[in-house]
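Observations on chain architecture
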Amino acid sequence: MMKIMAQDGTKPSLPSPGADELKDVRNMVALFLTAMKNYALYPADHNITQKFMSNVKAGLEVFLAKYGSLRFDVVKDALLYEGQSVHEDRAAAGLAFSLFKDGITWLEFMEGIALDEIVAFFQVLHTYKEQREEAGGDVVTALWDLSLPHLRYEAADVLWDADGTLDLRSLNRGFVYSREMAVAEDVDAPPFEGMAEKFEETQPCLLTAVEEQALRHMVLAEETKETNEGVLDVLIIILQGQCRQEDFETTLSLLRDEFYIVLAHGELESGLNMLENLRVLMMTSQSATPWIVPMLENFFRDVSSLDGMSGICQLLTGLDTSNQERCVLLRKMLSLLDPVAIGSLAPLLVQVSSPVLEQLLHDAIEMLAGRDLLPLEKIFKSADDPVIEKLVPILGRLPGQRAGQTLQKLIRHSSEMVRRSAVRVFLQGAGREIREVFPLIDDHASVIREMAFRFLGREKNAQAERLLMDYLAKSRSITVDVNSLVLAFDALGRCGGLPCLPFLRRVLLGQGWNWFKGFGKPRYRRGAVVALRRLGMPEAEAILARAAGSIFPVVRSAVKDAEV
Amino acid sequence: MADDLQVKDGAIAALSLLQEDFLHVLHRLIQTAKIHDDNSRLLLELAAEFVQILRRIGAYTDEIILQISGQRVFLQSEKVPYLNRNAALLNQVVDLLERLELPGLRFYSRVLEITPAEVLALTRLLLVAEREPFPLLYLADQVPAKFSWVAVIQEEANFAEAGLERRERGLRTYSQAIFSLQDVTQKITARKSVGIRKAVRVAQKMVDLILADEPVLIGMSTIRDYDDYTHTHSVNVAILAMCLGARIHLSPASLEKLGICGLFHDLGKVDIPLEIINKEGRLTAEEFEEIKHHSLNSVRQILRLHAPQGMKARILLPPFEHHLKYDLSGYPRTSRNKPLSLFGRILALADVFDAITSPRKYRPTALSADRAIRLMMEGAGKDFDPILLKVFINMVGPYPVGTLLELRNNQLGLVIKSTGKRVKERLRPAVVLLEADGAGGYRKGAVIDLGERDVGTGDFKHHIKQSMNPAIYGIQPADFIF
Ligand SMILES: [Fe+2]
Ligand SMILES: [Fe+2]
């Protein structure tokens, strides 16, 4: 029903709303209630919640287009629309009571209301629907903070209902001023005669243009700042002087939130400073207040956990590596974390493309794993092969038996990629023994075999020589690929000496094809040529010369082919 | 066309939103015209938008009347309520009209010939007027000659709310702040959990009040109660800090936090033994050390409050800083050596001003406001941020509402209005004369304007001999100034 402005412009007295209008209002209330219920069941960003919010908006749009505004008066257990009850609450946390308990007397939705205003309104209702005596805020304070342009309301002073006002005349009853005392006390300031004139003449308080500008900057900086600068410092100071355990806990929890905020805004220096201070505090509290230590350990574990690390990880992936200073800050920050941080840092190794960054991550993980290997071991069990592959070199640099054992396990890893990396690291390690390495020459992967042969051929070594001869002798009964054979002969030539000469002579000059299976094949002869050349001894040269002049073409051609 | 318009219930609401847009565009026009010339696209768009809005307003009403009175904006003779979102805009509109000495403007929304070019011409005229020695006279002369759709209102309207009602509102809010603080202190002492809901509510109410009617709360900040010094002091500091914040155009959300900082800045005093707080005479070095702990203790108490983390984080630093000086001397001495935050600097000013103008149990004397100001001026750049100090003094000085003046004829007058834009006006404020009531107290006498001159001689009729602290006479200014 539309209300028409009377001809003379005055508003006619309002007729009570018609049945249609009341029905429309009740429908709106029904939409509100469903929305409220869903807000309690699903998270705010859930599809279902959003659907109901859109429903409320659509409903309101139709209603407001028709009637201009929707205004409820709020009483204890009901909402009134132009004096008529349109909703009654049965539940304690009902719509009407949620508003009433905090003093809302009326509430009005206005044309043009946006979806985010509606969402914000329901969020407030949801947050403060329960009545709590000692709360951080209520529906009224929250609506004030939001200052929604299309939602008007009025709130009564319910919090001070019984308090009345101060009686000014009753204050300072017993106060008697004595001029004598004032004189005796020296109030620091003589009577200020001529103040008015001074003000008029010198205008001491006019701001200069520069000051105006500076003032505007101050205010702008205050209004646009995104973190609470200085709060971290103050919290640390509080922690340093804290003696109550529950206070320490509260302070730490606020500190943690602020740390995340600071990181989210890229303020590395404050974040780092905070971590450093806490580490110092942890060390200095060991004796006098040992209960602090586990609390701080917990804190570090928290900020180093998967959830806690999201800010740091973002900083890392977005790091401008040409900015030396920030790289240094981040490096320091990472080194202060708990080793569980490895769980978040390791996966980054395959996400970053900058070598500087990769190095930074490597160093950090190494440092953290050096303090506790367990998180790294966990990663080896759960992470994807590419991540593990990148991590293996760290094991090679870590001291201690446990790291070596882990590396050994990785050498038997199912993924070739991981094995290769592990073997490389393993072979680079100091004091590796021939018998440890030798089995690798049978690996499925040719690269690994190559590495193993190369290792065996590093230097003259009788043990390697013997093992290789055995291997080659046995290889006639198993299938060995050509490449491995060549590598085995090559390694033999490098590590061997006089003892292998008879063997090599036999292979090269032996009775051709049928001498025994396999050795008659040209590749064995060629391999022997390679080995003999590597030996570089006169005895070996003599054998080669004999072969070159052999009456058998297979022998001659082996020498010749091996020259190519 | 308007006659057959069916005005719906929501029309009033729609009109009020349009009016807000109108103020917004008007203000932006003037700001933009200062920087850009008439060919600027932005400026032309704004002028076109102005025409649009005026036409849309024309659908509801023939004219739009913009006036200011008592530093508040009135549209169609209705006070525009200060809301969180429009506070800055309203302040700027007030500033603009005050600079032009212009009580108001009347726009005829149904005049058809209004064009963007005309709007620009009016904007330029206003800017020129600002630099004229008598802006109002200039405008009254120029506007009717040039524009058919706008008229100058030359008489200041008197929309002032009944004094008693304003006082009631101010005192109610002040009292609620005191009660809320008392409540907090009691619960802290009883080691109960303490929520900040009431303090937030009260801070928000104070923001609303300051934005709508600053003088009434500044007047309230003269309340002194040495039996409950810490609470009245804290509320006064909150008020002074918020008023200073409003002067420099902090957002309402920031003012709210600043107010809460003010309310809680001395919360740590609950840990100081009463014997020390109320001790008569000088404190020993140890006792003073004890006092010095209270800023950090305030932070500890705030940490214990039941409040959202985000709120706590926002209100911790200023109480920590409130006894640190601009040059970083003061206390507490810690490893932190960074410049004070804006809120910290504001709080320090408000704190010192209220402290040295309040009589205390151990020192039943106090400086009058102007003496306090002079003392504080000596600390510019050393104790206080020199820029903020200037703004602060402009706000409270030289004779803030509530100052007791002794006149040359030995009469006592209490400053009741000191709101002029110009120092000159504030040097000769309006006072209410105080007459002895025969029972050791005083009652309200006549209100006189110290700026009033003798018609014959042209000399001032009244002269100030000196200022006094009202507490010395046992006077609560808030009792008399409304
Ligand atoms: Fe203090
Ligand atoms: Fe204080």
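Predicted, not measured: the structure shown is a model, and the values here were computed from it.

Considerations on the overall build of chain A
- In terms of helices and strands, chain A carries 28 helices and five strands.
- Of all intrachain contacts in chain A linking residues separated by at least 6 positions in sequence, the fraction that spans at least 24 positions is 65%.
- When the accessible area of chain A is evaluated, it comes to approximately 28300 Å², of which 53% is carbon and sulfur surface.

Details of the sheet that holds strand β2 (residues 72-75) of chain B
Residue and element names in this part refer to chain B.
- Taken in spatial order, the five strands of this open sheet run β3-β2-β1-β4-β5, and their pairing is antiparallel. The open sheet is flanked by β3 (78-79) and β5 (150-153), the only strands paired with a single partner.
- Pairing of β2 with β3, which is carried by two bridges, proceeds in the antiparallel orientation. Bridged to F74 within β3 is K79.

Section: the coordination of the iron ion (ligand 1)
All names here are of chain B.
- The iron ion (ligand 1) binds to the protein through D266 (OD), H294 (NE2), H322 (NE2) and H323 (NE2), with metal-donor distances spanning 2.1 to 2.2 Å.
- Note that the iron ion (ligand 1) binds four donor atoms; their angles at the metal cover 82 to 168 degrees, and the shape is irregular.
- All donors to the iron ion (ligand 1) come from one chain, and their sequence spacing reads D-x27-H-x27-H-H.
- Between the two metals, the iron ion (ligand 1) and the iron ion (ligand 2), the spacing is 3.2 Å, and D266 donates to both. Of this pair, D266 sits in the loop between α10 (252-264) and α11 (274-277) while H323 sits in the loop between α15 (317-321) and α16 (342-356), and the two are 57 residues apart along the sequence. For the pair D266 and H323, one class covers both residues: buried.

What to know about the coordination of the iron ion (ligand 2)
Residues and elements named next belong to chain B.
- Around the iron ion (ligand 2), the donor atoms from the protein are H233 (NE2), H265 (NE2), D266 (OD) and D351 (OD), and they sit 2.0 to 2.2 Å away.
- Angles of 81 to 172 degrees at the metal separate the four donor atoms of the iron ion (ligand 2), which places the site in the irregular class.
- Between the donor residues of the iron ion (ligand 2), the gaps in sequence give the motif H-x31-H-D-x84-D.

Re the domain arrangement of chain A
- For chain A, the assigned domains read domain 1 (19-155) and domain 2 (457-564).
- Using C-alpha coordinates to define each centre, domain 1 of chain A is positioned 92 Å away from domain 2 of chain A.

A short note on a nonpolar patch on the surface
All names here are of chain A.
- Residues I551, F552 and V554 make up a contiguous nonpolar surface patch of about 290 Å² in total accessible area.
- Position of F552 relative to the elements: it lies in the loop between α27 (538-548) and α28 (553-563).
- Looking at F552, the relative accessible area reads 34%, which means it is partly exposed.

Overview of the packing of aromatic side chains
- Overall, the coordinates contain 22 aromatic pairs over all chains when judged by the stated rule.
- Here the aromatic rings of A:F32 and A:F72 are separated by 6.3 Å at their centres, their planes lie at 70 degrees, and the arrangement is edge-to-face. Here the residue A:F32 occupies a position in helix α1 (residues 19-41), and A:F72 occupies one in strand β1 (residues 69-75), the gap between them amounting to 40 residues.
- Centre to centre, the rings of A:F438 and A:Y471 are 6.4 Å apart; their planes meet at 85 degrees, and the pair counts as edge-to-face. Taken together, the residues A:F438 in the loop between α21 (434-437) and α22 (446-456) and A:Y471 in helix α23 (residues 462-474) connect sequence positions 33 residues apart. The burial state of A:F438 is the same as that of A:Y471; both residues are buried.
- Ring pairs connect the aromatic residues A:F32, A:F72, A:F109, A:F121 and A:F122, which therefore count as one cluster.
- Between the NZ or CZ atom of A:R458 and the centre of the ring of A:F455, over which it lies, the distance is 3.7 Å.
- Its guanidinium or amino end placed over the ring of B:F460, B:R428 lies 3.7 Å from that ring's centre, counting from NZ or CZ.

What to know about the domain arrangement of chain B
Residue and element names in this part refer to chain B.
- As far as domains go, chain B holds domain 1 (2-153), domain 2 (160-396) and domain 3 (404-479).
- Between the C-alpha centres of domain 2 and domain 3 the distance comes to 28 Å.
- Of the residues lining the interface, 15 residues belong to domain 2; the matching set on domain 3 comes to twelve residues.
- One can count zero salt bridges joining domain 2 with domain 3.
- Taken together, the links from domain 2 to domain 3 amount to three residue pairs in polar contact (both at pLDDT 80 or more).
- The element best represented in the side of domain 2 that touches domain 3 is helix α8 (residues 214-220), accounting for three residues.

Some remarks on the pairing of strand β3 (residues 84-88) of chain A
All names here are of chain A.
- The pairing of strand β2 (residues 78-81) with β3 spans four bridges and is antiparallel. Looking across to β3, one finds that A78 is bridged to E88.
- Turn length for the β2-β3 hairpin, with the two strands adjacent in sequence and antiparallel, is two residues, and the turn residue E82 shows positive phi of about 45 degrees.

Points about the pattern of salt bridges
- As enumerated under the stated definition, the model contains 42 salt bridges over all chains in all.
- Here B:R197 ties to A:D102 by a salt bridge, and the two come within 2.7 Å at their closest N and O atoms. Of this pair, B:R197 sits in helix α7 (residues 197-212) while A:D102 sits in the loop between α3 (95-100) and β4 (104-110), each in a different chain. Just as B:R197 is buried, A:D102 falls in that class too.

Observations concerning a positive patch on the surface
- Among the surface-exposed residues, A:K378, A:K381, A:K409 and A:R412 lie close enough to one another that they form a single positively charged patch.
- By the secondary structure assignment, A:K378 is in helix α17 (residues 374-382).

Concerning the confidence of the model for chain B
All names here are of chain B.
- A residue-level look at chain B finds 92% of positions with pLDDT of 70 or above and a mean pLDDT of 84.
- Under a pLDDT of 50 for its full length, residues 1-9 has, in the predicted model, 16 contacts with residues more than four places off or in other chains.
- Taken over the whole predicted complex, pTM reads 0.76, whereas the ipTM for its chain interfaces reads 0.76.

Some thoughts on the environment of B:L126
Residues and elements named next belong to chain B.
- Mapped onto the elements of the fold, L126 is located in helix α4 (residues 116-131).
- Measuring from C-alpha to C-alpha, the distance between L126 and R197 comes to 46 Å, with 71 residues separating the pair along the chain.
- Residues in contact with L126, not counting those within four places in the same chain, are I30, L100 and L139.

A word on the packing of helix α5 (residues 139-146) of chain A against α7(B)
- It is the contact of α5(A) with α7(B), at a shortest axis distance of 9 Å, that shows an interaxial angle of 40 degrees. It follows from the interaxial angle that α5(A) and α7(B) lie oblique. In terms of crossing hand, the pair formed by α5(A) and α7(B) is left-handed. Between α5(A) and α7(B), the residues in contact are A:V140, A:T141, A:W144 and A:D145 and B:R197, B:V200, B:R201, B:Q204, B:V207 and B:D208, respectively.

What to know about the packing of helix α2 (residues 47-67) of chain A against helix α4 (residues 115-127) of chain A
Residue and element names in this part refer to chain A.
- Contact pair α2 / α4: the axes reach a minimum separation of 9 Å and the direction vectors enclose 120 degrees. Regarding the angle of α2 to α4, the classification is oblique. Crossing angle aside, the handedness with which α2 passes α4 is right-handed. Of the residues in α4, those in contact with M53, S54, V56, K57 and L60 of α2 are L115, I118, V119 and F122.
- Looking at the contact of α2 with α4, its residues break down into seven nonpolar, one polar and one charged.

Regarding the state of the cysteines
- A full pass over the atoms with the stated rule returns zero disulfides over all chains.
- In this structure B:C243 is not part of a disulfide, and its nearest cysteine sulfur, from B:C261, lies 15 Å away.

What about the sheet that holds strand β8 (residues 430-436) of chain B?
All names here are of chain B.
- The strand order across the open sheet formed by five strands is β9-β8-β7-β6-β10, and the pairing between neighbours is antiparallel. The open sheet has two edge strands, β9 (442-449) and β10 (464-468), and neither has a second partner. Neighbour-to-neighbour, the strand axes of this sheet turn through a mean angle of 35 degrees, independent of strand direction.
- Sheet topology note: the strand β6 (residues 404-407)/strand β7 (residues 412-417) ladder contains three bridges and is antiparallel. In the strand pairing of β7, E406 is matched with L412.

Points about the confidence of the model for chain A
All names here are of chain A.
- With 87% of its residues at a pLDDT of 70 or more, chain A shows a mean pLDDT of 83.
- Confidence drops under pLDDT 50 across residues 179-192; counting only partners more than four residues distant or on other chains, this segment forms 21 contacts.
- Overall, residues 513-518 carries pLDDT values under 50, and its contacts beyond four positions in sequence, including any with other chains, amount to eight contacts.

Quick look at α5(A)
- Here α5(A) lies mainly inside the structure; six of its eight residues are buried.
- If you check which residues of α5(A) are buried, you get A:V139, A:V140, A:T141, A:A142, A:L143 and A:W144.
- Buried residues in α5(A) make contact with α3, β4, α4 and β5 (151-155) of chain A together with α7 and α10 of chain B.
- Capping the start of α5(A) is the job of one residue whose side-chain oxygen sits 3.0 Å from the backbone nitrogen of A:V140: A:D138.
- The first or second residue beyond α5(A) is A:S147, which carries a positive phi of 50 degrees.

Reading guide: rules and limits
Residues numbered from 1 in each chain as written. Chains lettered and ligands numbered in written order. Predicted model: local features only at pLDDT ≥ 70, side-chain atom pairs only at ≥ 80, totals over all residues. Heavy atoms only, no water. Helix = DSSP H or I, 4+ residues; strand = E, 2+ residues; numbered from the N terminus. Contact = heavy atoms within 4.5 Å. Areas by Shrake-Rupley, 256 points an atom, 1.4 Å probe, with all protein chains shown as cover. Pairing = 2+ DSSP bridges. Donors = N, O, S within 2.8 Å, 3.2 Å for Na, K, Ca; no water. Tetrahedral: all angles 85-135°; square planar, octahedral: opposite > 155°, others 65-115°. Buried < 20%, exposed > 50% of the residue type's maximum accessible area, 1.4 Å probe, protein only. Domains from an automatic or database assignment. Patch = residues over 30% accessible without salt bridge, like charges linked within 9 Å, V, L, I, M, F, W, Y side chains within 5 Å. Salt bridge = Lys/Arg side-chain N within 4 Å of Asp/Glu carboxyl O. Phe/Tyr/Trp six-rings, centres within 6.5 Å; stacked < 30°, edge-to-face > 60°. Lys NZ or Arg CZ within 6 Å of the ring centre and 35° of its normal. Polar contact = N/O pair within 3.5 Å; in protein donor to acceptor, adjacent residues only side chain to side chain. Lys, Arg positive; Asp, Glu negative; His and termini not counted. Charge placed at Lys NZ, Arg CZ, Asp CG, Glu CD. pLDDT = per-residue confidence, 0-100. Axes fitted to C-alpha atoms, helices over the stretch in contact; angles between N-to-C directions. Parallel < 35°, antiparallel > 145°, perpendicular 65-115°, else oblique. Left-handed = near helix turned anticlockwise from the far one by under 90°. Nonpolar A, V, L, I, M, F, W, Y, C, P; charged D, E, K, R; others polar. Disulfide = S-S within 2.5 Å.

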